[in-house]
Amino acid sequence: MTAPKTLYDKIWDAHVAHEGDDGTCLLYIDRHLVHEVTSPQAFEGLRLAGRKVRAPEKTIAVPDHNVPTTLDRVSGVIANEESRIQVEALDKNAKDFGVHYYPVSDVRQGIVHIVGPEQGWTLPGMTVVCGDSHTATHGAFGALAHGIGTSEVEHVLATQTLIQRKGKNMKVEITGKLKPGVTAKDITLAVIGETGTGGGTGYVIEYCGEAIRDLSMEGRMTVCNMAIEGGARAGLIAPDETTFAYVKGRPHAPKGAQYEAALAWWKTLYTDEGAHFDKVVTLKGEDIQPVVTWGTSPEDVLPISAVVPAPESFEGGKVEAVKRAIAYMGLEVGQKLTDIKIDTVFIGSCTNGRIEDLRAAAAILKGKKVKDGMRAMVVPGSGLVRAQAEEEGLAQIFTDAGFEWRLAGCSMCLAMNPDQLAEGERCASTSNRNFEGRQGYKGRTHLVSPAMAAAAALTGHLTDVREMM
Amino acid sequence: MEKFQKITGVAAPMPLVNIDTDMIIPKVFLKTIKRSGLGANLFDEMRFDRQGNEIPDFVLNKPQYRDAEILVAGDNFGCGSSREHAPWAIRDFGIKCVISTSFADIFFNNCFKNGILPIVMPQEVVDTLMADAEKGSNARMTINLEAQEVTTSDGQVFEFEVDPFRKHCLLEGLDDIGLTLAHEASIDMFEEAAAQSRPWV
Ligand code: SF4
């Protein structure tokens, strides 16, 4: 009998194209997602070496990081010279090398990690890479997915493989049921709060347990998206009926007999009884509360009912880091998190820019108005999410409440396009990184779930969404 | 990467020491989305005046050195930032080999990744090669990587050292991608098997 395997072991083993004497492997890549920021020099490298994209049919490109999200982008050119050049370069590279492409003008355009699953490019058991650390998102399908650098992008374009060594197995189990008002975002933040940002380094995480099983695909993507903030290059969730139902009928998902064959294999993708994990973390679903980040690291997480912690309550180098974070964030030790005033609310990003996220926020906002003076913005993760939200009447709820209703892109998740925080501005954001300057020079970010972001928009301060339900 | 075998070509003399990466390719050219085309701006501030006109005295502007494939340079060549744009610019201009008494570490490594052979020689050899380079376009120097020899236009031969693995990669034109492509048969086989077992991919 073969030794029991984890889900990660199974996907890994199914993709090793070559193994060197020293254990270095060539891992075959099933899907390569490409965006405009990390790909230009990679394509250029191919040109210089006279190489082609080995598998253009497995390569999917979409501009997202740099694109403006204002409604006038359809007519206008991108004002920022460098951004424009990068987007134009992707237009040209996609055409020259014959890869699948969703240009800015295409309704299917959006954040690469939202477009991939939406179009059925991401399927269970696949290896997926992208020159972007949040590629972990695709792990929600039981795909081995992680971010790579530009030289690796070129390597995958040319060879459809990646030079890799196998990581270790880590299990994160969320038992039981979530309480009302607690979402996938709270799970993933709570896990990082527990393990720290380095807790997953060197590991591939498999998320499991009843609370994970109960999540929709959207929620699972939110959880896996932030595996990287916990240090893990990839996060995985075993595919099940929820996964199969989501995948079925997507434009690039298999059809007919092929679907049946695929399904048969997908059903074998789970961790065998007795398989070995190098590290295990368990949280009780019912213990998880709506959380927010107060500092400048995703591990600076606390339940919304808590207060800003004292630096002395930490150990080692973290004491200094916390002092710096509190100063940067303009907070007082002991201040109630619910007393923190907010200027801006951003709902979007590859963490929380899917339809379910917009529904959760709209449910809180329905029939209400954002606090006076608040800048509030919803940026759907893709053109199709946007269209669906309009059809469901969500867009109307947002605009009635005083939110800006934008076009798809990374937007205020990172300060690379016009959507940025001004110096000192404080934002309740559904994105994934609260680093110094991430959303704009000296901007201050509190990471929250979409429902919590909506609640903060209504009150003008961080708010426990459970009081509004 | 193109295979580096034997080159016989014009060597341009740049006796200046501490030629840094900012001289090789100034910061303003780093915003590019490309790594090709940088040759046009190689040594930009030394090569062109503020109006963009060529400075006739600069070595690579002189008719006899415009097609140089070898650079003989002063000590500590390539110091400064880690920008890979520096070797990209050098290679794009057409220079495949740089000879000096010493190189900055990162630049030295970056050269091999980009098909450029950096050769370290003792001072007196560099002096001899510099004098040879100054003879202009009729004096052609030969770099034989296989034999690890530099031959001057008048037939003097000097041996040089090179790391065996890097030599192998340069000779075969192998970068990381090249090395992987050496296993192309395995990739082909994998792909064929996967097309059977997982045809939907
Ligand atoms: S939304 Fe943010 S995290 Fe996601 S791909 Fe864009 S920039 Fe990266």
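These numbers were taken from a predicted model, which means no experiment stands behind them.

Visitor: What should I look at first to understand the packing of helix α13 (residues 355-365) of chain A against helix α14 (residues 383-391) of chain A in this one?
Guide: Residues and elements named next belong to chain A. Two numbers describe how α13 lies on α14: the axes approach to 9 Å, and their chain directions differ by 40°. Between α13 and α14, the interaxial angle falls into the category oblique. Viewed along their axes, α13 and α14 form a crossing whose handedness is right-handed. Here Ile355, Leu358 and Arg359 of α13 lie close against α14, whose contacting residues are Val385, Gln388 and Ala389. Looking at the contact of α13 with α14 residue by residue, the class counts come to four nonpolar, one polar and one charged.

Visitor: Hey, could you run me through the nonpolar core in this one?
Guide: A general feature of soluble globular proteins is that nonpolar side chains tend to end up buried together. Residue and element names in this part refer to chain A. Formed by 62 residues in total, the largest nonpolar core has its most connected members in Leu144, Val172, Ile174, Ile187, Tyr207, Ile212 and Trp266. The residues touching leucine 144, leaving out its near neighbours within four places in the chain, are Tyr8, Ile11, Trp12, Leu27, Met126, Thr127, Val128, Val204, Ala234 and Leu236. Counting residues in hydrophobic clusters, the runner-up holds 52 residues, among them Ile340, Ile347, Ala395 and Trp405.

Visitor: Can you walk me through the site of the ligand in this structure?
Guide: All names here are of chain A. Residues in close proximity to the ligand include His65, Ile111, His113, Asp132, His134, Ser349, Cys350, Cys410, Cys413, Leu414, Asn432 and Arg438, which together make up its full environment. Each residue belonging to the shell around the ligand can be placed in one class, and the counts come to five nonpolar, five polar and two charged. Each of domain 1 (1-289) and domain 2 (292-467) gives at least three residues to the shell around the ligand.

Visitor: Can you help me understand unusual backbone geometry in this one?
Guide: Negative phi is the rule for most residues except glycine; trans is the rule for most peptide bonds. Although it is not a glycine, A:Ser349 sits at a positive phi angle of roughly 85°. Tracing the sequence through the fold places A:Ser349 in helix α12 (residues 349-352). The backbone phi angle of B:Phe43 is positive, close to 55°, even though this residue is not glycine. Position of B:Phe43 relative to the elements: it lies in the loop between α1 (21-24) and α2 (44-47). Residue classification places B:Phe43 among the buried residues on the basis of a relative accessible area of 0%.

Visitor: Mind showing me how you'd approach the packing of aromatic side chains here?
Guide: Pairs of aromatic rings are described using the distance from one ring centre to the other and the angle between the two planes. Summed over the entire model, instances satisfying the criterion amount to 17 aromatic pairs over all chains. Residues A:Tyr259 and A:Trp266 carry aromatic rings whose centres are separated by 5.9 Å and whose planes lie at 85° to one another, so their mutual orientation is edge-to-face. For the residue pair A:Tyr259 and A:Trp266, the accessibility class agrees, reading buried in each case. Judged by centre distance (6.4 Å) and plane angle (85°), the ring pair of A:Trp266 and B:Trp200 falls under edge-to-face. Residue A:Trp266 is found in helix α10 (residues 256-266), and its partner B:Trp200 is found in the segment after α8 (184-197); the two belong to separate chains. Note on accessibility: A:Trp266 and B:Trp200 belong to one class, buried.

Visitor: Sorry, what's going on with the side chain of A:Gln41 here?
Guide: On the secondary structure map, A:Gln41 appears in helix α2 (residues 40-49). Exposure remark for A:Gln41: the relative accessible area of 16% places this residue in the buried category. Sequence-distant contacts of A:Gln41, that is, excluding residues within four places in its chain, are made with A:Thr150, A:Glu154, B:Thr32, B:Ile33, B:Lys34, B:Arg35, B:His85 and B:Trp88.

Visitor: Help me out: how do you make sense of the UniProt feature "binding site: [4Fe-4S] cluster" (unreviewed entry) in chain A in this one?
Guide: Residues and elements named next belong to chain A. Under the feature "binding site: [4Fe-4S] cluster" (unreviewed entry), the UniProt entry names Cys350, Cys410 and Cys413. In three dimensions, the annotated residues from a span of 64 residues occupy one location, with a maximal C-alpha spread of 8.7 Å. With respect to the secondary-structure elements, cysteine 350 resides in helix α12. With relative accessibility at 7%, the residue cysteine 350 sits in the buried group. If we ignore the near neighbours within four places in the chain, the residues touching cysteine 350 are Ile111, His113, Ile114, His134, Thr137, Asn225 and Asn432. By the secondary structure assignment, cysteine 413 is in the loop between β17 (404-405) and β18 (426-429). Leaving out residues up to four positions away in the same chain, cysteine 413 has contacts with Phe346, Ser349, Ser431, Asn432, Arg438 and Gln439.

Visitor: Is there a simple way to explain the sheet that holds strand β2 (residues 25-28) of chain A in this structure?
Guide: Strands pair in a sheet through their backbones, by hydrogen bonds, and they do so in one of two ways: parallel or antiparallel. Pairing is antiparallel across the open sheet formed by three strands, whose spatial order is β1-β2-β8 (chain A). Of all the strands in the sheet, just β1 (16-19) and β8 (161-164) of chain A have a single pairing partner and so form its edges. Pairwise comparison of adjacent strand axes, ignoring direction, gives a mean angle of 25° for this sheet. Of the pairings in the sheet, the one linking β2(A) to β8(A) comprises four bridges and is antiparallel in character. Each residue of the ladder has a partner; that of A:Tyr28, found in β8(A), is A:Thr161. Contacts from α8(B) reach β1, β2 and β8 of chain A within the one sheet, and its direction differs from that of β1(A) by about 150°.

Visitor: I'm lost on the interface of chain B and chain A in this one. Help?
Guide: Interface size is often expressed as the accessible area that is lost when the parts come together. With 26 residues of chain B at the interface, the matching set in chain A holds 39 residues. Looking only at chain B, the three residues that lose the most surface to chain A are B:Ile33, B:Arg35 and B:Trp200, adding up to 29% of its buried area. Taken together, the connections running from chain B to chain A amount to six salt bridges. The partner of B:Asp188 in a salt bridge is A:Arg54, with the nearest N and O atoms 2.7 Å apart. At the boundary of chain B and chain A, one finds 14 residue pairs in polar contact (both at pLDDT 80 or more). For the side of chain B that touches chain A, the elements supplying multiple residues, two or more each, are α3 (85-93), α7 (176-181) and α8 of chain B. Tallied by class, the residues present in the side of chain B that touches chain A amount to ten nonpolar, seven polar and nine charged.

Visitor: Hey, could you run me through the pattern of salt bridges in this one?
Guide: Between side chains of opposite charge, a pair can form as their charged atoms come close. All names here are of chain A. Enumeration over the complete set of coordinates arrives at 36 salt bridges over all chains. Residues lysine 5 and aspartate 13 are paired through a salt bridge, measuring 2.8 Å at the closest nitrogen-oxygen approach. For the salt bridge of glutamate 404 with arginine 406, the shortest nitrogen-to-oxygen distance reads 2.8 Å. According to the relative accessible area criterion, glutamate 404 is partly exposed, its value standing at 33%. Three or more residues are tied together by salt bridges with common partners; here these are Glu44, Arg47, Lys92 and Asp96.

Visitor: Any chance you could explain the layout of surface pockets here in plain terms?
Guide: The method is simple in principle: a probe with the dimensions of a water molecule rolls over the atoms, and the space it marks as empty is what remains. Computed from the structure, the largest pocket encloses a volume of approximately 1000 Å³. B:Met1, B:Glu84, B:Lys113, B:Asn114 and B:Asp175 are, among the 37 residues lining the largest pocket, the residues nearest its centre. Elements represented by at least two residues in the lining of the largest pocket include exactly α2, α5 (150-159) and β8 of chain A together with α3, α4 (105-113), α6 (164-172) and α7 of chain B. With five residues, the top contributor of residues to the lining of the largest pocket is α5(A). Across the lining of the largest pocket, the residue classes tally to 14 nonpolar, nine polar and 14 charged. By volume, the second largest pocket amounts to about 420 Å³. As for the second largest pocket, its lining consists of 22 residues, of which A:Arg73, A:Val74, A:Pro103, A:Val104 and A:Ser105 are closest to the centre. Among the secondary structure elements, those contributing two or more residues to the lining of the second largest pocket are α3 (81-97) and α14 of chain A. Two domains share the lining of the second largest pocket, each providing at least three of its residues, namely domain 1 (1-289) and domain 2 (292-467) of chain A.

Visitor: Which parts of the structure should I look at to understand the sheet that holds strand β11 (residues 234-236) of chain A?
Guide: Residues and elements named next belong to chain A. The strand order across the open sheet built from four strands is β11-β10-β9-β12, with neighbouring strands paired in parallel fashion. If you trace the sheet from one side to the other, it starts and ends with β11 and β12 (279-284), each paired once. The sheet shows a mean angle of 20° between the axes of neighbouring strands, taken without regard to direction. Both strand β9 (residues 168-175) and β12 contribute to a ladder of six bridges, which runs parallel. Among the inter-strand pairings, glutamate 173 is bridged to a residue of β12, identified as threonine 282. Set on the sheet, helix α6 (residues 184-195) makes contact with β9, β10 (203-208) and β12; between it and β12 the angle comes to about 125°.

Rules of the game
- Residues numbered from 1 in each chain as written.
- Chains lettered and ligands numbered in written order.
- Predicted model: local features only at pLDDT ≥ 70, side-chain atom pairs only at ≥ 80, totals over all residues.
- Heavy atoms only, no water.
- Axes fitted to C-alpha atoms, helices over the stretch in contact; angles between N-to-C directions.
- Helix = DSSP H or I, 4+ residues; strand = E, 2+ residues; numbered from the N terminus.
- Parallel < 35°, antiparallel > 145°, perpendicular 65-115°, else oblique.
- Left-handed = near helix turned anticlockwise from the far one by under 90°.
- Contact = heavy atoms within 4.5 Å.
- Nonpolar A, V, L, I, M, F, W, Y, C, P; charged D, E, K, R; others polar.
- Core = buried A, V, L, I, M, F, W, Y, C linked by side-chain atoms within 4.5 Å.
- Buried < 20%, exposed > 50% of the residue type's maximum accessible area, 1.4 Å probe, protein only.
- Near = heavy atom within 4 Å.
- Domains from an automatic or database assignment.
- Phe/Tyr/Trp six-rings, centres within 6.5 Å; stacked < 30°, edge-to-face > 60°.
- UniProt positions renumbered as here; feature names shortened; annotations may be inferred.
- Pairing = 2+ DSSP bridges.
- Buried area = accessible area lost by both parts, 1.4 Å probe.
- Salt bridge = Lys/Arg side-chain N within 4 Å of Asp/Glu carboxyl O.
- Polar contact = N/O pair within 3.5 Å; in protein donor to acceptor, adjacent residues only side chain to side chain.
- 1 Å grid on protein atoms, 1.4 Å probe; cavity = no way out; pocket = protein on both sides within 12 Å on 5 of 7 lines; lining within 4 Å.
- Points joined across faces, edges and corners; volume = space filled by probe spheres on them.

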